[in-house]
Amino acid sequence: MMGPSHALSGAAVWLSGSWALQHFYDYEQSPLALAVGTAVCAGGALLPDLDLSGKVTRNQGGATVARTFGVFSLFIAEVVEKVSLGVYYATKLSRDPKRSNGHRTLTHTIPFTVLVGWGTTTLCARYGKWAVIGILFFMIGLALRGLFDEWAERAGWVIVTLVSAGAASFTAANLPGDRGYPMIGLAVGVGCFVHIIGDMITRAGVPILWPIPIKRRMWTPISLPDSIALRAGGKTEIVVVRTALTVVSVLAAVGLVAPSVLQKFNLDL
């Protein structure tokens, strides 16, 4: 799937999950916490594609996420791609093919998803709002780059960076620590997992079962059959999938906001 679809899927899953928690378990979140969770999950749904680097010195190429902060994020993507490729060759078996890059390897696995979610929560708990500001800055930037791809392309990475920094600082100053910090780690992990599922429904697939060996392969790509799998960037993804995700997001958001609005209206009336 393409970057905007990944980001939108992260937002849709977080909003619909939050609606389910509120509707069935009476777990309510403040508007700010809900907005932060949605943005972080949307950003997390782009994070695995940091293994697709571009041309750092020319500030070109790479995945959507790699271009978020210009050459800085492209450099990070370059490092992640090389580490992923290194892990691939360190753990590959006899039937795993040779590769020239690390895309759709380490960062597209369940262990990576768990590690990132746990690591985010640990950093927030240990270093408090300084860690929260840094994590929110990065994740909000990814969310902006994915959800508003055309605007971000026109505005440029400097504007995206400034908006992300401002939003992160404001949020960290107002987000309660007792429920906000753990939810940030959860949102990152959920976003990464949603990304993996999104790539599984494409023809290339992902090695979601790593590190379980299958028929002398450690990095077996798992995907839908070609007859029903999506073509990344095709009309089905752009028109059907994105429309469905948008509808889910809007309906979930309305479901979350409507009860409090109606209650306030009745009280005022």
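Procedures and definitions
- Residues numbered from 1 in each chain as written.
- Predicted model: local features only at pLDDT ≥ 70, side-chain atom pairs only at ≥ 80, totals over all residues.
- Heavy atoms only, no water.
- Core = buried A, V, L, I, M, F, W, Y, C linked by side-chain atoms within 4.5 Å.
- Buried < 20%, exposed > 50% of the residue type's maximum accessible area, 1.4 Å probe, protein only.
- Helix = DSSP H or I, 4+ residues; strand = E, 2+ residues; numbered from the N terminus.
- Contact = heavy atoms within 4.5 Å.
- Polar contact = N/O pair within 3.5 Å; in protein donor to acceptor, adjacent residues only side chain to side chain.
- Axes fitted to C-alpha atoms, helices over the stretch in contact; angles between N-to-C directions.
- Parallel < 35°, antiparallel > 145°, perpendicular 65-115°, else oblique.
- UniProt positions renumbered as here; feature names shortened; annotations may be inferred.
- Expected span 1.5 Å × (residues − 1).
- Phe/Tyr/Trp six-rings, centres within 6.5 Å; stacked < 30°, edge-to-face > 60°.
- Lys NZ or Arg CZ within 6 Å of the ring centre and 35° of its normal.

The chain carries the name Metal-dependent hydrolase in an unreviewed UniProt entry, which gives Verrucosispora sioxanthis as its organism.

*Asks:* What is the right way to read the nonpolar core from this model?
*Replies:* General note: in soluble globular proteins, nonpolar side chains tend to be found buried as a group. Judged by nonpolar contacts, the single largest core of 38 residues is most densely connected at V40, L47, L136, M139, L142 and I184. Per-element accounting of this core gives the leading share, nine residues, to helix α5 (residues 129-147). When sequence neighbours within four positions are dropped, the list of residues in contact with V40 reads L136, M139, I184, A187 and V188.

*Asks:* In this structure, what is going on with the side chain of T171? I would like to understand it.
*Replies:* Locating T171 in the fold gives a position in helix α7 (residues 157-174). From its side chain, T171 meets the backbone oxygen of A167 in a polar contact 2.7 Å long. Each residue touching T171, except ones within four places of it in the same chain, is listed here: L32, V36 and L136.

*Asks:* Please explain the packing of helix α2 (residues 31-44) against α5 as it appears in this structure.
*Replies:* Two quantities define a packed helix pair, namely the angle between the axes and the distance from one axis to the other. Two numbers describe how α2 lies on α5: the axes approach to 7 Å, and their chain directions differ by 75°. Judged by the angle between their axes, α2 and α5 are roughly perpendicular. Contacts between α2 and α5 pair V36, A39, V40, A42, G43 and G44 from the former with L136, M139, I140, L142, A143 and L147 from the latter.

*Asks:* Sorry, what's going on with the UniProt feature "transmembrane region" (unreviewed entry) in the chain here?
*Replies:* Under the UniProt annotation, "transmembrane region" (unreviewed entry) lies at residues 130-148, 155-175, 181-210 and 239-262. The annotated region residues 155-175 carries 90% helix and 0% strand content, and the separation between its end C-alpha atoms amounts to 28 Å.

*Asks:* Help me out: how do you make sense of α2 in this one?
*Replies:* Residue pairs spaced three or four apart in an α-helix point in one direction, given the helix's 3.6 residues per turn. The terminal C-alpha atoms of α2, which comprises 14 residues, lie 20 Å apart, in line with the 20 Å expected from a rise of 1.5 Å per residue. Taken across its 14 residues, α2 has 10 buried, putting it largely inside the fold. Turning to α2, its buried residues are A33, L34, V36, G37, T38, V40, C41, A42, G43 and G44.

*Asks:* Help me understand the packing of aromatic side chains in this model?
*Replies:* One pair of aromatic rings is described through two measures. These are the centre distance and the angle between the planes. By the definition in use, this model includes seven aromatic pairs. With a centroid separation of 5.6 Å and an interplanar angle of 65°, the aromatic rings of F72 and W157 are classed as edge-to-face. Taken together, the residues F72 in helix α3 (residues 71-91) and W157 in helix α7 connect sequence positions 85 residues apart. Assessed through its relative accessible area of 53%, F72 is described here as exposed. With relative accessibility at 32%, the residue W157 sits in the partly exposed group. An aromatic cluster is built from Y88, Y89, W210 and W219, whose rings are joined through pairwise contacts. One cation-aromatic arrangement involves R99 over Y88; the distance from NZ or CZ to the ring centre is 5.5 Å.

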